[in-house]
Amino acid sequence: MRLFIAINLDDNFKSALTSMQDDLRSQHVGGNYSPIENLHITLAFIGEYPDPDDVMDALAGIDFEPFDITLDGFGNFGDLFWAGLAKTEVLSSLVKKSRHALADAGIPYDRKKFTPHITLLRKARYNKFPELKTRQTSMKVTSVSLMRSDFGKGGVRYTEVGYAKSTNKPALEIKK
Ligand code: ATP
Ligand code: MG
């Protein structure tokens, strides 16, 4: 099965993204818009791999504290348009931890550099390159998910196979 590691987004965050998509539509940008239920952040792409339990075991070993992500900017990889995220150490660190856990378990993944983004649409068509403002939105990340990707009649579908929770440390620790 086709697997990847992702952060799934809460409804408030997703609605900020759909309003960015609406902005694009109102600027007459056509293409394959990501349906709301498909919006996510990929941390590591595994691809074809037969054993999701292996991957869950690896993921279960990672340790991270809850942290915030914030929408920031808009960009494109060719005709793929995305919403960006503020680059933070904690997000990069979660990517590193997830990828290290895979590497240590001998699970292959795409090693290309992480560019934090959420795909808004693919195969974008436009006459004039759009201008798009970021919506002011943040959310707390408290888990990282193993996702399965299946291609069907209605396009690609993602299903959560499992997730690993963040460690909940006290907000304030008194050091002696
Ligand atoms: P489709 O390929 O049908 O357009 P998709 O790209 O959303 O749909 P997948 O190819 O299964 O579906 O990818 C799942 C997730 O992994 C997406 O976020 C995608 O951008 C990302 N991804 C896919 N291939 C790679 C890769 N080689 N390296 C890094 N990320 C990838
Ligand atoms: Mg793809």
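Just so we're clear, the structure is a prediction, and the values are computed from it rather than from any experiment.

1. Here's the deal with the sheet that holds strand β4 (residues 67-77)
Taken together, the 5 strands give an open sheet; going across it, the order is β2-β6-β5-β4-β7, and neighbouring strands pair in antiparallel fashion. Strand pairing shows two members of the sheet lacking a second neighbour, β2 (30-33) and β7 (138-141), which therefore form its edges. For this sheet, the mean inter-axis angle between neighbouring strands, taken without regard to orientation, is 40°. Of the pairings in the sheet, the one linking β4 to β7 comprises 4 bridges and is antiparallel in character. Across the sheet, Asp68 pairs through a bridge with Lys140, a residue of β7. Each of β2, β4, β5 (80-85), β6 (117-125) and β7 is contacted by helix α1 (residues 11-26), which is oriented at about 20° to β4, the strand it contacts most.

2. Let's talk about the pairing of β4
Taken residue by residue, a regular strand's side chains alternate between the two faces of the sheet. Note: β4 against β5, 5 bridges, orientation antiparallel. Bridge pairing links Leu71 to Leu85 in β5. In sequence, β4 turns back onto β5 through a hairpin of 2 residues, with Gly78 there showing a positive phi of about 60°.

3. Quick notes on the site of ligand 1
Lining the immediate environment of ligand 1, one finds Arg2, Phe4, His40, Thr42, Phe45, Asp110, Lys112, Arg122, Ser149, Phe151, Val156 and Tyr158. Between ligand 1 and Asp110 there is a distance of 2.9 Å, counted from a nitrogen atom to a side-chain nitrogen or oxygen. In this structure, an oxygen atom belonging to ligand 1 sits 2.6 Å away from a side-chain N or O atom of Ser149. For ligand 1, whose accessible area on its own is 590 Å², the fraction buried by protein is 71%. Of all elements in the fold, only β1 (2-8), β3 (40-48), β8 (143-152) and β9 (155-165) reach the threshold of two or more residues within the shell around ligand 1. The element contributing the most residues to the shell around ligand 1 is β3, with 3 residues.

4. Observations concerning the environment of Leu80
In this structure, Leu80 sits in strand β5. Residue class for Leu80 comes out buried when judged on its relative accessible area of 16%. When neighbours within four sequence positions are excluded, Leu80 is seen to be in contact with Gly75, Thr119, Leu121 and Arg122.

5. Remarks on the nonpolar core
Counting residues in hydrophobic clusters, the biggest one holds 47 residues, and the most contacted among them are Ile5, Leu9, Leu17, Leu43 and Ile46. The contacts of Leu43, once residues within four sequence positions are left out, are Ile5, Ala6, Ile7, Leu91, Leu94, Val95, Ser98, Arg99, Phe114 and Val144.

6. Notes on the sheet that holds β9
An order of β3-β1-β8-β9 is seen for the 4 strands of this open sheet, with the pairing classed as antiparallel. The open sheet terminates on both sides in strands that have one partner only, identified here as β3 and β9. Strand after strand, the sheet turns through a mean of 25° between neighbouring axes, direction not considered. Judged from the 10 bridges that link them, β8 and β9 form a sheet pairing that is antiparallel. Considered in β9, the bridge of Arg148 is made with Thr159.

Basis of the calculations
Residues numbered from 1 in each chain as written. Chains lettered and ligands numbered in written order. Predicted model: local features only at pLDDT ≥ 70, side-chain atom pairs only at ≥ 80, totals over all residues. Heavy atoms only, no water. Pairing = 2+ DSSP bridges. Helix = DSSP H or I, 4+ residues; strand = E, 2+ residues; numbered from the N terminus. Axes fitted to C-alpha atoms, helices over the stretch in contact; angles between N-to-C directions. Contact = heavy atoms within 4.5 Å. Near = heavy atom within 4 Å. Polar contact = N/O pair within 3.5 Å; in protein donor to acceptor, adjacent residues only side chain to side chain. Areas by Shrake-Rupley, 256 points an atom, 1.4 Å probe, with all protein chains shown as cover. Buried < 20%, exposed > 50% of the residue type's maximum accessible area, 1.4 Å probe, protein only. Core = buried A, V, L, I, M, F, W, Y, C linked by side-chain atoms within 4.5 Å.

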